[in-house]
Every structure is written in structure tokens, then in C-alpha cells.
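# Structural overview
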Amino acid sequence: MNKKKVLIVTKFYYRRGGDCIYALNLEELLRRSGHEVAVFAMQYPDNLPSVWSGYWPAEVSFGGGIRNKLTAVGRTLGMGEVKRRFGRLLNDFKPDVVHLNNIHSYLSPVVAEMAHKRGIRVVWTLHDYKLICPAYSCLRAGKVCEDCIGGFKLPVARTRCMKGSLAASVIAYIEALRWNRRRLQRYTDVFICPSAFMAEKMAADGFDKSKLRVLSNFITDEMAQKLENAADTPGQYYCYVGRLSAEKGVETLLKAAATLPYTLKIAGDGPLAADLKARYSHCRQIEWLGRIEPAQVKALLAGARLSVMPSECYDNNPLGVIESLCTGTPVAGAATGGIPELLDEHNGVTFESGSAESLAEAVKEAWNKQYDRAAIIDAALTKFASEKYQEELLTIFNMGGVNNAYPSATYYCYVGRLSAEKGVETLLRAAVSARYPLVVAGDGPMRPELEERYGKTPNIRFTGHIGPEEIRRLLTGARFSVIASEWYENNPLGVIESLCAGTPVLGAAIGGIPELLDRGNGLTFESGSAESLAKAIEQMWREPQRRGEIAAEALGKYTAARYYEALISQY
């Protein structure tokens, strides 16, 4: 395994919420696998000890006096000591990758800008919707809101979405203007979306699909080991584990529970705790456990007949669902956000978010159904395994902006301008017919149209514009490359670069392209014919590769020294 130096950036360095838990777990996972890991966070009283804390900027707060508020606002815009301290850490640690998590407000995306300008790969795992919703949650007054998605972010200020405060909402709007989509995309190689739902929302806001990767969260090895010994026979209760707040749909769950004869155990705390306990104290079938320790959570889930995730917000990739499945306990989940992606007929049921009636029916269905709990455990531990997650994450670290959706030599590629004379549309028509994985790297006037028409084709991936180093990696990893020109190409550099990478070329029989190819390093096809190209793709895919010989011959033929000698001989 190629060892990396990874700098993890997160607001807080303690188990504050799902994003912080993820960052801590990822740090441990990478370190145990032999990678060097550093951390950049904000100073905070609850932080865990870290050898890197000397680099961290001081705590800021939006409360208190005007001085505190001004300092905090400056931080959101990338001002203050973050730049100095982060720059010092970059100088001292020299990371290969900067891995961002939740950073807005208390650290700011200036860290992405700084890393990018130094040529460091920037990968950003998204834990909420801050990049498309200035108020983080896509909620307004407790209801789903998408007013800011796909357009200007002014609605956050106009409707006071941020904490119901005009001041906080205006700050959120200014922050969104400062760190707009264009800037964030420029400084970030890859955005990791833990659910396809989040990736769709990011794309709807205008984010480049080629920069979006869907990668579900993982569970730690320790968690997997502890959860494997789940109860074979579930208890006579169902449960909810999580925050007691409006967006989590807890009150809808309680309304449903009041109509059901089954025992509901609720573990957690939050702003609605006291009010909900008082209003539902008459319901004997509801037990309030309060905040409990992680080991108790696992035992509670393992012994439950089912767990419930009643979210009324766009829950992304909730750990509560993942942990429940890893105990073998099926889940009744609201059909919102990324929750439905985690559930199927074998491990749970979904219901209409916000509907107590639909929730009650789902609980009854799951309560009375016989689930194969051992099969649920096996499937979950495989799907959310840390080893699998790390492998996919390292692929993203290594490839940066290139969509390495396929292992080495299991895709073919096109690198070049997306314009009519380059024959890209002919290639795409052939690719649909041939069905083998194609990676298309480049930009040009036809890109929006081609991505619209072919972007959802399973075997075709667009990366957009990529840099020279990424082109080299893409060509080196490809089974072969394609030059599909429909004009008199002279001596295309794309053919030469591919051959020097040891990658054979499938080239249109037009212009000077055939002069560069022979049976030893590629094939030609009829220019402009999707049928001819599709047949050639089939033939090239099945032929054995002689990559080392191709590279040696090309590097000998196209060296600068040889070119210089030939040029001088003409004078």
C-alpha cells in the first residue's frame, strides 16, 4: 500500500457529533495502516489531547461582546490567525493530501485555498449541506427548504434561516458569497458525498459532477467486533437513539408510539427532551433512558426488535442506521435524504417522513416480520467495513480530480478537447454500444451537451479538465486510449503521450494518426463511424497488452535529444 501523509482538518477534536466522530475514527484508521496523519482543528476546552494542538488557532465565539463577534466573523471569511498557523503546519508536516471535514465558520475554506496553491491534493468529505445551504440543514421553520439550491443564497438572509437571527443569517449569506461554488470547486479536487442523495443535491446546485464521489461512511474495527455478538432473539421493544430535536422527527415518533401497544425505548438528549417527556409522561409504553454510553447504545440496539430513524430533515448517511444494521437489528426509516439508500426489504422498511400514521404502520410491519438478523449483520459488516472504506478513500487520494471509478487497466480513456472535430460524440455512441468503462477527460464547447446526454450512462464517466500529472496517471492506468478525430490531425500529442505511458492507442484512420500506429502499439478505425469504432474497442479490449515494449519504443523515438538531432540535420 502506498503510504500517505494526510492532514485531517475538522472544527472540533472530540466526539461532538457525527462529523467529529468520523474524523477521529479516520485518523485512527489511517494511522494504524501505517500512514502519517496530522490534525488541524480549533482550540476548544473539550478537545482530546493531540501532539498537533500547538498549531491550532484559538477558539472563537459568535456570542459575547462585539470584539468576539468581529473576530468570529473575520474567521468565517478566512481572516486572522488560521492562515498563519495552518501555513506553519503545511510547512512542517508537508502533507500529500489535505482531507477536509466540517470547517466553515470556525476555520473557513481558506485552508483549502492555501493547500491548493501549494499543489497539495484537497479532498473534502461533506457531513452536511453547508456548501449548498448557508444554514447547513436545508430546513426553514422546521420544514425542508431548497430555496438556495441552484441559485443565489440571498434567501438565507431574507427568511432568517440561520437560528432565526437576522445577524446570523446575514453573516451566513456573506460567508456564502465569499466561499462560493466557483471558488470551492477551484480549490477542491474531490468532494466526497456519503450518500447519492447528497451528490444529487450538490449537482443540482451546479457543482461539477466529475468532482463528486459517493462513499458511504464506515464503522471501526472495534465497533464491528463488539457488534457481531448481537442477540439472536430480539427483545420485546423497539428503540430510537439520537438527538431529541425537531428535525429528527422525534415528536412524530412519539405520536405514533402513543397509538401502538409496543414498548419504545428512547436514548438521547436535546432541546426538546423536557417538553416531550412532560407531554408524553402518560404513555406507559414509552421509556426515557436519557444519554447513554456507546457500549449501552450497542446493547440497546442489539436487543431491540427494530430501531427507528424518523428524520424530518435530509439526513445524509446516519450512523444510527448503520450501527443498527451492524447489530442485526432492522430499521424503520423515514424516506428522506440518504436513509432509503441504506434500507431494503431484507433489513428494514421506509415510511413517509413527518407522517405519524405512516410511521406507525411501518413499525407494525417491521415488528411482525421475520428478519434474518445474521444476514443483516453479515451484509452490513461487509458494506461498511473500514478496510473497504480505506481502500476506496486511498484511490480518491491517489487520483485527485480524475474519476478513478475503475481499477487500473479496467477502463479505456479519451483525453482532449470536447469539440465536434475531435469526434467525441462518435466515441460516446460507440462506448454505449461497446459497454466497457470509458473515462473522458477534458473540456470544451460540447461538454455541457455531452454530459447531459451521456452523463448518466453507467459505463461513461466525465472528469472535466485535469492537470498534466493527472493525465499521466489516467493514461498509465488505462487499458488503451482513443483518438477519435474527424479532421486531418497532423501529429497529435495525445497519441505520443499515450504511447510513452506504455498505453496502446485506438486511432481514427485520418491525417497523420496512422503514421504513429502499427499492430504493435494500437489499431485504427474508420473516422466518423461509431460502428467501426465499437468493433475496434471490442478487439482492442480483448487483445493482450505489451505495455513495456510500447513505452520503450515510444520513449526512444520521441525523446527531445533525438528530435534535436533530426532538427539540426536539416540546417
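The text that follows walks through the structure, step by step, so that each part is easy to find. This is a predicted model, so every value here is computed, not measured.

Okay, helix α2 (residues 66–76) next. For α2, the complete set of buried residues consists of Ala72, Gly74, Arg75 and Thr76. Looking at the buried residues of α2, the elements they touch are α3 (81–93) and α6 (166–178). Looking at the residues trailing α2, positive phi occurs at Gly78, about 90°.

Take the pairing of strand β16 (residues 438–441) next. In regular strands, side chains alternate between the two faces of the sheet. The side-chain alternation of β16 yields two buried faces, one formed by Leu438 and Val440 and the other by Val439 and Ala441. Across four bridges, strand β15 (residues 412–415) lies against β16 in parallel orientation. Within β16, the position partnered with Tyr412 by the bridge is Leu438. Between the parallel elements β15 and β16, the chain passes through helix α17 (residues 424–434) in a crossover that is right-handed. Direction of pairing for β16 relative to strand β17 (residues 460–464): parallel, over a ladder of four bridges. For Val440, the partnering residue across the bridge sits in β17 and is Phe462. Handedness of the crossover joining β16 and β17 through helix α18 (residues 447–454): right-handed.

Evaluated as defined, the whole model comprises four cavities of 30 Å³ or more. There is about 90 Å³ of room inside the largest cavity. Of all the elements in the fold, those that place two or more residues in the lining of the largest cavity are β5 (139–140) and α5 (155–158). Each residue belonging to the lining of the largest cavity can be placed in one class, and the counts come to twelve nonpolar, one polar and three charged.

The subject of this paragraph is the packing of aromatic side chains. One pass over the full model with this rule turns up 22 aromatic pairs. Ring plane angle 0° and centroid distance 5.7 Å describe the contact between Tyr14 and Tyr44, whose orientation is recorded as stacked. Taken together, the positions of Tyr14 in the loop between β1 (5–9) and α1 (18–32) and Tyr44 in the loop between β2 (36–40) and α2 put the pair 30 residues apart, joining distant regions of the chain. What makes Tyr14 buried here is its relative accessible area of 14%. A residue is classified by how much of its surface remains accessible, and Tyr44, at 25% relative accessible area, is partly exposed. The side chain of Arg178 reaches across the aromatic face of Trp179, ending 4.9 Å from its centre. Over the ring of Trp367 we find Arg305, and its NZ or CZ is 4.9 Å from the ring centre.

Looking now at the nonpolar core. Judged by nonpolar contacts, the single largest core of 62 residues is most densely connected at Leu7, Val9, Phe40 and Met202. Counting 48 residues, the second largest nonpolar core, distinct from the first, contains Val349, Phe351, Ile377 and Ala380.

On to the state of the cysteines. Throughout the structure, instances matching the rule amount to zero disulfides. As a non-bridged cysteine, Cys500 has Cys413 as the owner of its nearest cysteine sulfur, 14 Å distant.

Judged by pairing direction, the sheet is parallel, and its six strands sit side by side in the order β2-β1-β3-β4-β7-β8 without closing on themselves. Two strands lie at the open edges of the sheet, namely β2 and β8 (212–214), each paired on one side alone. Between one strand axis and the next, the sheet turns through 25° on average, direction left out of account. Relative to strand β7 (residues 190–193), strand β4 (residues 121–125) is paired through three bridges, and the arrangement is parallel. Bridged to Thr125 within β7 is Ile192.

Below, the discussion takes up unusual backbone geometry. For Ser108, which is not a glycine, the phi torsion comes out positive at approximately 85°. Locating Ser108 in the fold gives a position in the loop between β3 (97–100) and α4 (110–117). For Ser108, a relative accessible area of 0% translates into the label buried. Positive phi is not limited to glycine here, since Ala141 has a value of about 55°. Position of Ala141 relative to the elements: it lies in the loop between β5 and β6 (143–144). According to the relative accessible area criterion, Ala141 is exposed, its value standing at 77%.

The next subject is the sheet that holds strand β14 (residues 348–351). Taking strand neighbours across the sheet as the criterion, the six strands line up as β11-β10-β9-β12-β13-β14 in an open arrangement whose pairing is parallel. Two strands bound the open sheet, and with one partner strand each, they are β11 (286–290) and β14. Neighbour-to-neighbour, the strand axes of this sheet turn through a mean angle of 20°, independent of strand direction. With two bridges connecting them, strand β9 (residues 237–241) and strand β12 (residues 306–309) associate as parallel partners. By the bridge assignment, Cys239 is partnered in β12 with Ser307. Contacting β9, β10 (263–267), β11 and β12, helix α12 (residues 294–303) crosses the sheet at an angle of about 145° to β9.

About the criteria used
- Residues numbered from 1 in each chain as written.
- Predicted model: local features only at pLDDT ≥ 70, side-chain atom pairs only at ≥ 80, totals over all residues.
- Heavy atoms only, no water.
- Buried < 20%, exposed > 50% of the residue type's maximum accessible area, 1.4 Å probe, protein only.
- Helix = DSSP H or I, 4+ residues; strand = E, 2+ residues; numbered from the N terminus.
- Contact = heavy atoms within 4.5 Å.
- Pairing = 2+ DSSP bridges.
- Right-handed = clockwise from strand over helix to strand, strands pointing away.
- 1 Å grid on protein atoms, 1.4 Å probe; cavity = no way out; pocket = protein on both sides within 12 Å on 5 of 7 lines; lining within 4 Å.
- Points joined across faces, edges and corners; volume = space filled by probe spheres on them.
- Nonpolar A, V, L, I, M, F, W, Y, C, P; charged D, E, K, R; others polar.
- Phe/Tyr/Trp six-rings, centres within 6.5 Å; stacked < 30°, edge-to-face > 60°.
- Lys NZ or Arg CZ within 6 Å of the ring centre and 35° of its normal.
- Core = buried A, V, L, I, M, F, W, Y, C linked by side-chain atoms within 4.5 Å.
- Disulfide = S-S within 2.5 Å.
- Axes fitted to C-alpha atoms, helices over the stretch in contact; angles between N-to-C directions.

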